[in-house]
Amino acid sequence: MLGLILLATFYITGRGLGASGAAKSTVVAAVDRVAPKHAEESTYYSKFISDDLHPMNTWLVFEAIGVLAGAFLSGAIAGRLKIKTEHNPKITRRRRLVFALIGGILFGVGSQIARGCTSGAALSGAAVLSLGGFITMMAIFGSAYGFAYFFRKLWT
Amino acid sequence: MGPLIPLHIIPETWNHVIAVLLGMAFGFIMESSGFSSSRKIVGLFYGYDFTVLRVFFTATVVTAIGLYYFSYMGWIDMSFVYIHPTYLTAAIVGGLIMGLGFVSGGYCPGTSLIGAAIGRIDGIVFTTGLMIGIFLFSEAFPVLEGIYEGTGMFDGDFLGYITITEYFNISPHLFIFGFTVVAVAAFYFTNLIRKRVKPVNY
């Protein structure tokens, strides 16, 4: 099923799906709002700022809004809507959240270096047989397996 | 003839409506596959749940076969399809950092959004971390520009918008066939592993 959606996405738009792109747009928009001069002078933010379009006006931001809505719908139908922190009962809630934050930060840095995350670079990249997509896919999963031993108390 | 929007068969105005609709389908399927649960996702790395591997492999294979079939039938012009560019060191280093983040945070950016959508606080915290990470990268960009752009000491890293089959000069059809065989073998062996590993309830 996911494959058919991804195929439809390529057929309709000529590009794949992504997730970290929307987060990047949010960061760019926030920095542009708070410190417009800094955003304009920075070599990175300025790539994504133009005079005619708001930085949030990108395909991936609209896609992410859809993702939230679609996931909410599925969760509602299945009765999974509930505000809670999911964690291994052997660790505290606080510990889980600290490591979730660290994981998010690492993903934020990594996804910018590799120009995409598991969806944009690995999944959508590998689906069009991109060399970089395959390399990033193998690096992500290889590294996760390699480090899994050190994080085993967190999960098992 | 596709892709529909780059070829103006569907007008550009519809682009964002389609983005929301495709996003909804993506989010719905990911959530119903169980990707809102970090403990289920991480099962892949500890051998108690291989759903991620199955969904990921199937999606890649179906899309790759579909695209080449569409192209063969003349339904899609592959020259309009965006190929993720290859920057060698960046692809490896970025991937290694993301893998560490994966096993620490239990989510990736897409799945954390899905967790957040159904009320998982760890998903919301992960997404917040993601934005902090992007902010840190952006602020440190002058230092990281070389690896990102493939310049300076990373000169020659940029190999273009190239596919793996072009790079190794093999037939894409043969490669997709081989990849499918690997996927089926992986399903079989991971299933054997899952039966041997102590189940985790979540």
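The model shown is predicted, which means the values in this text are computed figures rather than measured ones.

Rules used throughout
Residues numbered from 1 in each chain as written. Chains lettered and ligands numbered in written order. Predicted model: local features only at pLDDT ≥ 70, side-chain atom pairs only at ≥ 80, totals over all residues. Helix = DSSP H or I, 4+ residues; strand = E, 2+ residues; numbered from the N terminus. Buried ≥ 20, exposed ≤ 12 C-beta atoms within 10 Å, placed from the backbone. Contact = placed C-beta atoms within 7 Å. Nonpolar A, V, L, I, M, F, W, Y, C, P; charged D, E, K, R; others polar. Domains from an automatic or database assignment. Expected span 1.5 Å × (residues − 1).

Time to look at the overall build of chain B. The secondary structure content of chain B amounts to nine helices and two strands. Going from the N terminus to the C terminus, chain B shows its helices and strands as α-α-α-β-α-α-α-α-β-α-α. With the C-alpha coordinates aligned to their principal axes, the bounding extent of chain B is approximately 50 × 45 × 40 Å. Per-residue burial over chain B gives 47% buried out of 202 residues. Nonlocal contacts in chain B, meaning residues at least 24 apart in sequence, comprise 62% of its contacts between residues at least 6 apart.

Moving on: the interface of chain B and chain A. It is common to give the size of an interface as the accessible area lost on bringing the parts into contact. Contacts between chain B and chain A engage 110 residues on the former and 102 residues on the latter. It is helix H1 (residues 15-32) of chain B that contributes the most residues to the side of chain B that touches chain A, 17 residues altogether. Residues of the side of chain B that touches chain A, tallied by class, amount to 73 nonpolar, 32 polar and five charged.

Another point: the domain arrangement of chain A. Segmenting chain A into domains produces domain 1 (1-83) and domain 2 (85-156). Split by residue class, the side of domain 1 of chain A that touches domain 2 of chain A holds three nonpolar, four polar and no charged.

This brings us to helix H7 (residues 131-148) of chain A. In a regular helix each residue adds 1.5 Å, so 18 residues correspond to 26 Å; H7(A) covers 26 Å between its end C-alpha atoms and thus fits that length. The element H7(A) is extensively covered by neighbouring structure, given that 13 of its 18 residues are classed as buried.

Residues and elements named next belong to chain A. One non-glycine residue with positive phi stands out, namely Arg115, at about 60 degrees. Looking at where Arg115 falls in the secondary structure, it is placed in the loop between helix H5 (93-113) and helix H6 (118-127). Overall, Arg115 belongs to the buried group, with 22 C-beta atoms counted inside 10 Å.

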